[in-house]
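# Fold and geometry: a report
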Amino acid sequence: MPARNPKDRLIVALDMESLAQAEALLDRLQGVVGAWKIGSQLFTASGPMAVELVQKRGGAVFLDLKFHDIPNTVAGAVREATRMRVLMLNVHASGGSAMLRAAAEAARQAAREFNVAKPLCLAVTVLTSLDRACLQRELNVPLSVEGHALHLAKLAKDAGLDGSVSAPQEIRAIRNALGREWVIVTPGVRPAGSEAGDQARVATPEAAIRAGADYLVVGRPITAAPDPKAAATAILEAMAKA
Ligand code: C5P
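Heads up: these notes are all about the structure in this document. Each chain carries its own residue numbering, running from 1 in the written order of its sequence. In view of the model being predicted, local features appear only for residues whose pLDDT reaches at least 70, and side-chain atom pairs are presented and counted only at 80 or more, with totals across whole chains, interfaces and linings using the full set of residues. For the side-chain quantities, the full set of heavy atoms in the structure was used; hydrogens and water were omitted.

What follows covers the overall build of the chain. If you tally the helices and strands in the chain, you get twelve helices and eight strands. We compute the radius of gyration from the C-alpha atoms alone; for a globule the expected value is 2.2 Å times N to the 0.38, where N is the number of residues. Taking 242 residues into account, the globule formula puts the C-alpha radius of gyration at 18 Å, and the chain, at 17 Å, falls close to it. Reported as C-alpha extents along the three principal axes, the dimensions of the chain are approximately 45 × 40 × 30 Å. Sorting the 242 residues of the chain into buried and exposed places 51% on the buried side. Put simply, of all contacts in the chain between residues at least 6 apart along the chain, 68% involve residues at least 24 apart. Only DSSP runs of H or I covering at least 4 residues are called helices, and only runs of E covering at least 2 are called strands; the numbering of each starts at the N terminus. To sort residues, take the accessible area from a 1.4 Å probe on protein chains only and compare it with the maximum for the residue type: under 20% means buried, over 50% means exposed, and anything in between is partly exposed. In this analysis, two residues are considered to be in contact whenever any of their non-hydrogen atoms come within 4.5 Å of each other.

This is how it looks when you write it as structure tokens:
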């Protein structure tokens, strides 16, 4: 069951190059934010120590490494992430149903074997950096971005995954099609008046929660703010009101 407290539903992206930078932000937001996303930059730089750093301070980890490989290799990666007691991890749905089933089964098995909670296994559907022209001309997919994202989310659900990483504009269709239990994690969140940066499809925290997101991933609006604590607090308040 997804968390209901705004503090546990806001995931701050630790998109940085060193443990020291991550630690500085964790210290500034201690007690305010409960969950953190570790992606390929910090993990490539610092490895499992980044996960331990967050967990030692009582934080939950979304390990955003977007696994995409043959089923056996993805199963091994999911097993290791489960051993690290992450709250959630993700794999590319376009790896196909055999790979998705292998990921889901590896999480279940490893959780039993290591006696830890099973992480939520999320599907990455269509990267928010891709648009319809790229899908059609480069990848030869004749669907809209939203249509293809929904197709891949259904594939992931049938294979036993728990949820998807979904852009704000996709939330309603995915929630309607896949039901209340499907976990929706939404990046591209921008408080009113903040910079969109390289995100093309954005929504305010209130709009994303109202549309049915379970968790919001926020990076730069908090990490690059002059006062990250004030920025996070304002987003949490907006989430609570929605
Ligand atoms: O700084 P910003 O709020 O744009 O950060 C959003 C985070 O969510 C980044 O870490 C980005 O990699 C991640 N993300 C995304 N779109 C996806 C999946 C992950 O923006 N589809």
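After presenting the structure, the write-up continues.
The side-chain alternation of strand β8 (residues 215-218) yields two buried faces, one formed by Tyr215 and Val217 and the other by Leu216 and Val218. Looking at chain direction, strand β1 (residues 10-13) and β8 are connected through three bridges and run parallel. Each residue of the ladder has a partner; that of Leu10, found in β8, is Leu216. At this point the chain moves from strand β7 (residues 183-186), through helix α10 (residues 205-211), to the parallel β8, and the crossover so formed is right-handed. When DSSP finds at least two bridges between two strands, those strands are taken to pair. With its strands directed away from the observer, a crossover is right-handed exactly when the path from the first strand over the helix to the second travels clockwise.

This part is about helix α8 (residues 145-158). Between the first and last residue of a helix there are one fewer steps than residues, each counted as 1.5 Å, and that sum is the expected span. Given a rise of 1.5 Å per residue, 14 residues ought to cover 20 Å, and the 20 Å separating the end C-alpha atoms of α8 matches this to within 8%. For α8, the full list of buried residues reads Val145, His148, Ala149, Leu150, Leu152, Ala153 and Ala156. Turning to α8, the residues buried within the fold contact α6 (97-114), β5 (120-124), α7 (132-138), β6 (163-165) and α9 (171-178). The first or second residue beyond α8 is Gly160, which carries a positive phi of 100 degrees.

Further remarks concern α6. For the α-helix, the turn length of 3.6 residues means that residues three or four positions removed from each other point alike. Here α6 spans 25 Å end to end across 18 residues, near enough to the 26 Å set by a 1.5 Å rise per residue. Along α6, the residues that are buried comprise Met99, Leu100, Ala102, Ala103, Ala104, Ala106, Ala107, Ala110, Ala111 and Phe114. For α6, the elements touching its buried residues are β3 (60-67), α5 (71-83), β4 (88-92), β5 and α8. Looking at the residues trailing α6, positive phi occurs at Asn115, about 55 degrees.

Between α8 and α9, the least distance of the axes is 10 Å, while the angle of their chain directions is 35 degrees. Between α8 and α9 lies a crossing of right-handed hand. Mapping the contact onto sequence places Ala149, Leu150, Ala153, Lys154 and Lys157 in α8 and Ala173, Ile174, Ala177 and Leu178 in α9. In terms of residue class, the contact of α8 with α9 is made up of seven nonpolar, no polar and two charged. Lines fitted to C-alpha atoms define the axes, with helix axes restricted to the stretch in contact, and inter-axis angles between N-to-C directions lie between 0 and 180 degrees. By convention the crossing between two helices is left-handed if the near helix lies anticlockwise of the far one by an angle smaller than a right angle, and right-handed if it lies clockwise. All residues other than Ala, Val, Leu, Ile, Met, Phe, Trp, Tyr, Cys, Pro, Asp, Glu, Lys and Arg, Gly among them, are scored as polar; the first ten of these are nonpolar and the last four charged.

A separate point is the nonpolar core. Within soluble globular proteins, side chains that are nonpolar generally end up buried alongside one another. Among the nonpolar cores identified, the biggest contains 69 residues, and Ile38 and Val91 are the most heavily contacted of them. Ranked by residues supplied to this core, first place goes to α6 with seven residues. Each residue touching Val91, except ones within four places of it in the same chain, is listed here: Lys66, Phe67, Val74, Val78, Met99, Leu100, Ala103, Leu122, Ala123, Val124 and Leu161. Only buried residues count toward a nonpolar core, which is a set of Ala, Val, Leu, Ile, Met, Phe, Trp, Tyr and Cys residues joined through side-chain atoms within 4.5 Å. Counting residues in hydrophobic clusters, the runner-up holds 13 residues, among them Ile11, Leu122, Val183 and Val217.

Any functional reading would require information that these geometric values do not contain.
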